[in-house]
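The primary structure of each chain is shown beneath.
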Amino acid sequence: MARDQDVGFDSAHGAPLPHAFGSGRPFSLGVEEELFLVDPVTARQANSSQAVLERVGPTQGSVERELHACQIELITDVCRDTSEATLALAALRGAVLETGAGIIGSGTHPAALEGEAEITDKARYERIHALLGDAVATPVGGMHIHVGMPDADTAITVFNGLRRHLPLLQALAANSPFRHGRDTGLASAREVTVRSWPRSGVPRAMRDYSDFSAAVAVLTRAADVPDYTWFWWKLRPHPRLGTVEVRALDAQASLADAAALIALTHCLARAAAEAPPSPGPPAEVLEEGIFRAARFGVQARLPDADGHLRSVDELLAQALTLAGPYGDELGCTEALSSLGSLVERGGGAGRQRGAYAIAGMDALLRELCQTTGAGAGHRPTAETEPARNPAHSDVRAPADSPD
């Protein structure tokens, strides 16, 4: 399916949305990461996505242009587990680096000034720009994780179950303290930037798939958009791909940090599929938690469902208790075990501030460029080649990757 094509789903008469849930292996993985293109020497932002695409070689997965011409999106094929997904991302990063471009994994480019990023000349992106205006003036880089669902009911169960973990995931992934050349005081300037977009928050819990379908019908009419791929929620069922998609994470420079976050998300989704239904935190509490996560990162104290503030360490321990039993099944026990050291280092935001403290912005940009390129280029072997299921071979967002 062409990425620029808008395919609307008609649920105006109450019929559930058509879906691809159950068309592939349950709990398979797909990952997308939005990286900044930069000069490989200075690491300054470059509006070069078209030139990169013209030079990039054959890849497993795909390399695509983004809303802004200074970014590239890497999209894995369907993967079995975190290790396979990380290998796929490494190979895709390597393919981009082989064009001569530099890449940075960060929620925002630390030094680029507002207005320097050009809008990519695609019809969808031009429409987004027309709809949102200056809300899209500053490009942001995210990592989106898709988990394949066996059926529509499980998709809603997992969606509801993952909502409560969004503030923790946001805090762990916060990797954008700098924006427009200065320290914002935030751990994730990306999250605060994205808050200016419509339909970018945390949706309410859904009763069932019919409830989700009806909500989509109402909101697409209210927003005057073609379909749910114009909802930039931090978490959403993705019927077209048969997945639940977590969208709350900043892009990571470190592949090891990306692997840890992918593993935790994957295992929490698996755990949510089997957990008994329970009332999740109300949207207003989740919104507060997500802002606190963006403000303080791994140092945050985040609200539980009753509004009591808990440390990231405490919430991570609870999440690992849920996720841990699935580590062996999903092949990610080692990646899960590295989350504690991620917190101790201060996460991506702490890494960025540490580099800046050494020698300012130039040191930070060099560090980001080097870290993002480290480990890139390891092509999957025949033994580790991502598994493809013809009925479920596109764990990607065909027309919905502008943020």
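Residues numbered from 1 in each chain as written. Predicted model: local features only at pLDDT ≥ 70, side-chain atom pairs only at ≥ 80, totals over all residues. Heavy atoms only, no water.

A. Here's a closer look at the pairing of strand 1 (residues 29-38). Counting buried residues along strand 1, 10 of its 10 residues qualify, which places the element largely inside the surrounding structure. As defined by bridge partners, strand 1 adjoins strand 5 (residues 142-148) across five bridges and the pair is classed as antiparallel. If you follow Gly 30 over to strand 5, its bridge partner there is His 146. Taken together, the five bridges between strand 1 and strand 3 (residues 71-75) define a ladder with antiparallel strand orientation. Bridged to Glu 33 within strand 3 is Leu 74. In this structure, strand 1 lies alongside strand 4 (residues 102-104), joined through three bridges in antiparallel fashion. Looking across to strand 4, one finds that Val 38 is bridged to Gly 102. (Buried < 20%, exposed > 50% of the residue type's maximum accessible area, 1.4 Å probe, protein only. Helix = DSSP H or I, 4+ residues; strand = E, 2+ residues; numbered from the N terminus. Pairing = 2+ DSSP bridges.)

B. Fine view of the packing of helix 4 (residues 152-163) against helix 8 (residues 255-274). Contact geometry of helix 4 with helix 8 gives a least axis separation of 8 Å together with a crossing angle of 115 degrees. For the pair helix 4 and helix 8, the sense of crossing is right-handed. Touching Thr 154, Thr 157, Val 158, Gly 161 and Leu 162 of helix 4 are Leu 268, Ala 269, Ala 272 and Ala 273, all from helix 8. By residue class, the composition of the contact of helix 4 with helix 8 is six nonpolar, three polar and no charged. (Axes fitted to C-alpha atoms, helices over the stretch in contact; angles between N-to-C directions. Left-handed = near helix turned anticlockwise from the far one by under 90°. Contact = heavy atoms within 4.5 Å. Nonpolar A, V, L, I, M, F, W, Y, C, P; charged D, E, K, R; others polar.)

C. Molecular detail of the pairing of strand 2 (residues 62-65). Covered by surrounding structure in strand 2 are Ser 62 and Glu 64 together with Val 63 and Arg 65, the residues of both alternating faces. One ladder, built from four bridges, connects strand 2 with strand 3; its direction is antiparallel. Residue pairing for strand 3: Glu 64 is matched across the bridge by Glu 73. Where strand 2 folds back onto strand 3 in an antiparallel hairpin, the turn is made up of five residues.

D. Expanded view of the state of the cysteines. Tallying each qualifying case throughout the model produces zero disulfides. The closest cysteine sulfur to the non-disulfide-bonded Cys 79 is located on Cys 332, 13 Å from its own sulfur. Look at Cys 79 and you get buried, because its relative accessible area is 0%. Distance from the sulfur of Cys 369, which forms no disulfide, to the nearest cysteine sulfur (Cys 70) is 14 Å. (Disulfide = S-S within 2.5 Å.)

E. Molecular detail of unusual backbone geometry. A positive phi angle, close to 65 degrees, is found at Ala 43, a residue other than glycine. Note on placement: Ala 43 falls in the loop between strand 1 and helix 1 (49-55). Under the relative-accessibility criterion, Ala 43 is labelled buried at 1%. Although it is not a glycine, Arg 199 sits at a positive phi angle of roughly 50 degrees. Inspection of the secondary structure assignment puts Arg 199 in the loop between helix 6 (189-194) and helix 7 (209-223). Classification of Arg 199 by relative accessible area gives buried; the value is 19%.

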